[in-house]
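# Structural overview
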Amino acid sequence: MSGHDSGMSGRDSVQIPDDRDFGAFRAQCESERGWSLTYNKGGVGVWVQLLEPERALHKIKCRMECRDVPAETLYDVLHDIDYRKKWDTNVIETFDIGRLTANSDVGYYAWRCPKPLKNRDVVTLRSWLPMGSDYIIMNYSVKHPKYPPRKDMVRAVSIQTGYLIEGTGAKSCTITYLAQVDPKGSLPKWVVNKSSQFLAPKAMKKMYKACLKYPEWKQKHDPHFKPWLFPEQSRLPALALSELSLQHADSLENIDESSLAESKEDRGEGSDEDSLT
């Protein structure tokens, strides 16, 4: 299969990632070649790789050191969809659609974009791999017949998005978020700059705060229910790979938002920025 060098973008059918795919993702998270550092403070670094500057198609990588958060807590937080609805103010709607294997499923996620852009949504195949004190969760876009693009959203395409969590001690870890997403549509340059300079670091810090509060929250909410660790607990309907097809970016409507100016109420630090990632 070609495309292992470039992550998952070389596939021509829906497949569940194998060890080579996880290895390739990890290598991208750790690589420094071709990345420009655009933000570095408070234990958070952001790098960008512009792939097609004229279309604002880019890869973004964000890394954060997490003190007082064990790797396994961060892993739980990223998986726990009920908890996500509590802390991710960016989410409009998110739910799991079905289970493919013990460590892969399909889900839906819709999120708010900076005004005046249209909100986006994705349907993705997500896979995860625990490796001792390290963990990977990654996804890419698929099509599911019951969840076609909606009129009120722009269907974005995750070419490859995910997290590498690395345990650095009993109560500390590092998280690297890597995203290559085609937001469908020609976005204005300020969106790319804003996401790397402001929104990504802010989202990381919000996730960190959510991790600190998770153990107490989980104690009160089905504390033993963790289907990502114990697949036999899963309540999701089984899905067959044959029900899915690849979501190609070029089959979706392109929206030209490149001339849209940033709306005034979204500019200030103290404004509604909390609702964005």
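Scroll up to find the structure.
Treat the numbers as computed from the prediction; the structure is a model and nothing was measured.

### Observations regarding the overall build of the protein chain
Check the secondary structure of the protein chain and you find 4 helices and 11 strands. Looking at the 277 residues of the protein chain, the share that counts as buried comes to 53%. In the protein chain, the share of contacts with a sequence separation of at least 24, taken over all contacts with a separation of at least 6, comes to 64%. By element, 52% of the accessible surface of the protein chain is carried by carbon and sulfur atoms, the whole surface being about 13,400 Å².

### Some remarks on the environment of Met138
Looking at the secondary structure, you find Met138 in strand β7 (residues 134-143). A sequence separation of 113 residues divides Met138 from Phe25, and the C-alpha atoms of the two residues are 8.3 Å apart.

### Looking at the layout of surface pockets
Rolled over the atoms, a probe with the dimensions of a water molecule shows which regions are left empty. Roughly 430 Å³ of volume is contained in the largest pocket. Looking at the largest pocket, it is lined by 26 residues, and the ones nearest its centre are Ile81, Asp96, Phe225, Pro227 and Trp228. Residue assignment for the lining of the largest pocket shows that the elements contributing at least two residues are α3 (81-87), β4 (91-101), β5 (104-111), β6 (120-131) and α4 (189-220). Looking at the lining of the largest pocket element by element, the count peaks at 5 residues for β4. Residue classes in the lining of the largest pocket are distributed as 10 nonpolar, 6 polar and 10 charged.

### Structural notes on the packing of aromatic side chains
Aromatic ring pairs are defined here through the distance separating the ring centres and the angle between the ring planes. Taken as a whole, this structure holds 8 aromatic pairs when the rule is applied. Seen in terms of ring centroids, Tyr83 and Trp217 are 4.8 Å apart; in terms of plane orientation they differ by 45°. Their pairing is tilted. Here Tyr83 is found in helix α3, whereas its partner Trp217 is found in helix α4, with 134 residues between them in sequence. Note on Phe95 and Tyr147: the rings are 5.5 Å apart at their centroids and 50° apart in plane angle, and the pair reads as tilted. Here the residue Phe95 occupies a position in strand β4, and Tyr147 occupies one in the loop between β7 and β8 (154-155), the gap between them amounting to 52 residues. An aromatic cluster is defined as three or more aromatic residues linked by ring pairs; in this entry it consists of Tyr83, Tyr214 and Trp217. The cationic tip of Arg235 hangs over the ring face of Phe225; the distance from NZ or CZ to the ring centre is 3.8 Å.

### Focus: helix α2 (residues 71-79)
With 8 of 9 residues buried, α2 lies mostly within the body of the structure. Residues of α2 that are buried: Ala71, Thr73, Leu74, Tyr75, Asp76, Val77, Leu78 and His79.

### Quick look at the environment of Tyr39
Along the polypeptide, Tyr39 turns up in strand β1 (residues 36-41). Here the alpha-carbon distance between Tyr39 and Ser196, two residues 157 residues apart in the chain, equals 7.3 Å. Discounting chain neighbours no more than four positions away, the residues touching Tyr39 are Val44, Gly45, Val46, Ser196, Gln197, Pro201 and Lys205. For Tyr39, the side chain forms a polar contact with the side chain of Lys205, separated by 3.2 Å.

### Quick notes on a positive patch on the surface
Where like charges cluster on the molecular surface, the positive patch consists of Lys41, Lys205, Lys209 and Lys213. In terms of residue count, the dominant contributor to the positive patch is α4 (3 residues). Tracing the backbone through its elements, the reader meets Lys209 in helix α4.

### Thoughts on the pairing of strand β9 (residues 157-169)
Along β9, 10 of the 13 residues are buried, which leaves the element largely enclosed by surrounding structure. Alignment of β7 against β9, held across 6 bridges, turns out to be antiparallel. Bridge pairing links Asn139 to Thr161 in β9. Pairing geometry for β9 and strand β10 (residues 172-182), over 11 bridges, is antiparallel. Within the sheet, the bridge partner assigned to Thr161 lies in β10 and is Ala179. Hairpin connection of β9 to β10: 2 residues between the antiparallel strands.

### Some details on helix α1 (residues 19-30)
Between its first and last C-alpha atoms α1 spans 17 Å; for 12 residues at 1.5 Å apiece the expected length is 16 Å, and the two agree. Restricting attention to buried positions, one finds in α1 the residues Asp21, Phe22, Ala24, Phe25, Arg26, Gln28 and Cys29. Two to three positions downstream of the cap, the backbone nitrogen of Arg20 sits 3.0 Å from a side-chain oxygen, assigning the N-cap of α1 to Asp18.

### Description of the pairing of β6
Most of β6 is tucked away: 9 of the 12 residues are buried. In this sheet, β6 lies alongside β5 in antiparallel orientation, the contact comprising 8 bridges. The residue of β6 that forms the bridge with Gly107 is Thr124. For β6 and β8, the ladder comprises 2 bridges, and the chain directions are parallel. Residue pairing in the sheet places Asp121 in a bridge with Arg155 of β8.

Parameters and conventions
- Residues numbered from 1 in each chain as written.
- Predicted model: local features only at pLDDT ≥ 70, side-chain atom pairs only at ≥ 80, totals over all residues.
- Heavy atoms only, no water.
- Helix = DSSP H or I, 4+ residues; strand = E, 2+ residues; numbered from the N terminus.
- Buried < 20%, exposed > 50% of the residue type's maximum accessible area, 1.4 Å probe, protein only.
- Contact = heavy atoms within 4.5 Å.
- Areas by Shrake-Rupley, 256 points an atom, 1.4 Å probe, with all protein chains shown as cover.
- 1 Å grid on protein atoms, 1.4 Å probe; cavity = no way out; pocket = protein on both sides within 12 Å on 5 of 7 lines; lining within 4 Å.
- Points joined across faces, edges and corners; volume = space filled by probe spheres on them.
- Nonpolar A, V, L, I, M, F, W, Y, C, P; charged D, E, K, R; others polar.
- Phe/Tyr/Trp six-rings, centres within 6.5 Å; stacked < 30°, edge-to-face > 60°.
- Lys NZ or Arg CZ within 6 Å of the ring centre and 35° of its normal.
- Polar contact = N/O pair within 3.5 Å; in protein donor to acceptor, adjacent residues only side chain to side chain.
- Patch = residues over 30% accessible without salt bridge, like charges linked within 9 Å, V, L, I, M, F, W, Y side chains within 5 Å.
- Salt bridge = Lys/Arg side-chain N within 4 Å of Asp/Glu carboxyl O.
- Lys, Arg positive; Asp, Glu negative; His and termini not counted.
- Charge placed at Lys NZ, Arg CZ, Asp CG, Glu CD.
- Pairing = 2+ DSSP bridges.
- Expected span 1.5 Å × (residues − 1).

Read these as geometric descriptors, not functional statements.
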